[in-house]
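Coordinates in review
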Amino acid sequence: MDILTSEFFQRALIGGLLIGVTAPLLGLFLVLRRLSMIGDTLAHVSIAGVALGFLIGVYPIAVGLVFALAASFAIEKLRKAYKTYAELSIAIIMSGGVALASLLFTLGKGFNMTVTSYMFGSIYTLNDTDLIVIGVVTAVVLILLRLHVKELFLLTFDEEAAAVNGLPVRYYNLMMSVLTALVISASIKIVGALLVSALLTIPAACSLVAARSFRQSVFTVVIVAEVAVIAGLLIAGVWNLAPGGTIVLLLIVILLLLLIGRVRFRISG
């Protein structure tokens, strides 16, 4: 129980709980729009920004955020250029992000081990500045989602109908990309760039199994993510495991249990 009173664990818990709300909520919209891979793309681009931040001596998450925002604008531009093959935009930006990150790694070999913590997550090293950034991102995301939930709902399930009804589709697409970039940048120190997409997609996958309406899905994704974050941090802290990996594996376990439960329910029914 001593770990619960440790400042590093309390900061980790606060940061994890905040991201456990915003990431799955955004992920739900992305998964329903078949854009789940955008999380991986922005995460890889963010790592390039983090590497540049270490190289030039600037707060790494801030530089990663700038890179992720630039990538979100580029994705929207490419999606407009390749309307029939919209997934090409994600593939192109991801390739560029990985290439740029690898180049920056070779330019700054002395900080490679530090950047590694952003690849796989280092939630126990969160400081007050990190928590402020995460808190601001959480507030911005929740406020905008609450203000535009009806428009985003219509856009998610019928983009053509939204456009016909006069909804500024391009604006909302860009807004979602920007919000995703914000969450990804704030999350990479918690679960790592290689795992952050799991917080976006796996809770949404759980909601597709367990929820029967969009409203239920909203509550389901948050509950699943928060349970995984709390349990994952406790398990990782007690047994000295990687917290990011533990959280993601717990998310997968929850998904498997829900799938097994649904199959048994169908058989018994």
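Residues numbered from 1 in each chain as written. Predicted model: local features only at pLDDT ≥ 70, side-chain atom pairs only at ≥ 80, totals over all residues. Heavy atoms only, no water.

- As annotated in an unreviewed UniProt entry, the protein chain carries the name Metal ABC transporter permease and is attributed to Paenibacillus terricola.
- In its Sequence similarities (unreviewed entry) section, the UniProt record describing the protein chain reads: "Belongs to the ABC-3 integral membrane protein family." (UniProt positions renumbered as here; feature names shortened; annotations may be inferred.)

**Some thoughts on the packing of helix α1 (residues 7-32) against helix α10 (residues 196-210)**
- Where α1 meets α10, the axes come as close as 7 Å, and the angle between the chain directions of the two elements is 70 degrees. The pairing of α1 with α10 is recorded here as roughly perpendicular in orientation. Of the two possible hands of crossing, α1 and α10 adopt the one that is right-handed. The residues of α10 that touch α1, namely those facing Ile 19, Ala 23, Pro 24, Leu 26, Gly 27, Leu 28, Val 31 and Leu 32, are Leu 199, Leu 200, Thr 201, Pro 203, Ala 204, Ser 207 and Leu 208. (Axes fitted to C-alpha atoms, helices over the stretch in contact; angles between N-to-C directions. Helix = DSSP H or I, 4+ residues; strand = E, 2+ residues; numbered from the N terminus. Parallel < 35°, antiparallel > 145°, perpendicular 65-115°, else oblique. Left-handed = near helix turned anticlockwise from the far one by under 90°. Contact = heavy atoms within 4.5 Å.)

**Here we look at the pattern of salt bridges**
- Summed over all chains, the structure comprises three salt bridges.
- Linking Glu 159 and Arg 33 is a salt bridge whose minimum nitrogen-to-oxygen distance equals 3.1 Å. Taken together, the residues span a long stretch of sequence, with Glu 159 in helix α8 (residues 159-164) and Arg 33 in the loop between α1 and α2 (38-56) at a distance of 126 residues.
- With a relative accessible area of 32%, Glu 159 lands in the partly exposed category.
- When its relative accessible area of 16% is taken as the criterion, Arg 33 is described as buried. (Salt bridge = Lys/Arg side-chain N within 4 Å of Asp/Glu carboxyl O. Buried < 20%, exposed > 50% of the residue type's maximum accessible area, 1.4 Å probe, protein only.)

**Focus: the packing of α2 against helix α4 (residues 87-107)**
- The interhelical angle for the contact between α2 and α4, taken along N-to-C directions, is 25 degrees, at an axis separation of 8 Å. Here α4 runs roughly parallel to α2, going by the angle between their axes. Seen from above, α2 lies across α4 with left-handed handedness. Contacts between α2 and α4 involve Ile 38, Asp 40, Thr 41, His 44, Val 45, Ile 47, Ala 48, Ala 51, Leu 52 and Leu 55 on the former and, on the latter, Ile 90, Ile 93, Met 94, Gly 97, Val 98, Leu 100, Ala 101, Leu 104, Phe 105 and Leu 107.
- Taken together, the residues of the contact of α2 with α4 break down into 16 nonpolar, three polar and one charged. (Nonpolar A, V, L, I, M, F, W, Y, C, P; charged D, E, K, R; others polar.)

**Remarks on unusual backbone geometry**
- Phi angles above zero are rare outside glycine, and Arg 34 is one such case at about 60 degrees.
- Residue placement: Arg 34 occurs in the loop between α1 and α2.
- Positioned with a positive phi, Asn 240 is a non-glycine residue whose angle comes to about 55 degrees.
- Within the fold, Asn 240 resides in the loop between α11 (214-239) and α12 (243-268).

**What to know about the environment of Arg 170**
- With respect to the helices, strands and loops of the structure, Arg 170 is situated in helix α9 (residues 169-187).
- By relative accessible area, which is 54% here, Arg 170 ends up exposed.
- Beyond its immediate chain neighbours, meaning those up to four positions away, Arg 170 contacts Lys 77 and Lys 80.

**A word on a nonpolar patch on the surface**
- On the surface, Leu 55, Ile 56, Val 58, Leu 100, Leu 103 and Leu 107 cluster together to form a nonpolar patch covering roughly 520 Å² of accessible area.
- Sorting the residues of the nonpolar patch by element identifies α2 and α4 as the ones contributing at least two each.
- At three residues, α4 tops the list of elements feeding residues into the nonpolar patch.
- As for its position among the elements, Leu 55 is in helix α2.
- The class for Leu 55 is partly exposed, based on a relative accessible area of 36%. (Patch = residues over 30% accessible without salt bridge, like charges linked within 9 Å, V, L, I, M, F, W, Y side chains within 5 Å. Areas by Shrake-Rupley, 256 points an atom, 1.4 Å probe, with all protein chains shown as cover.)

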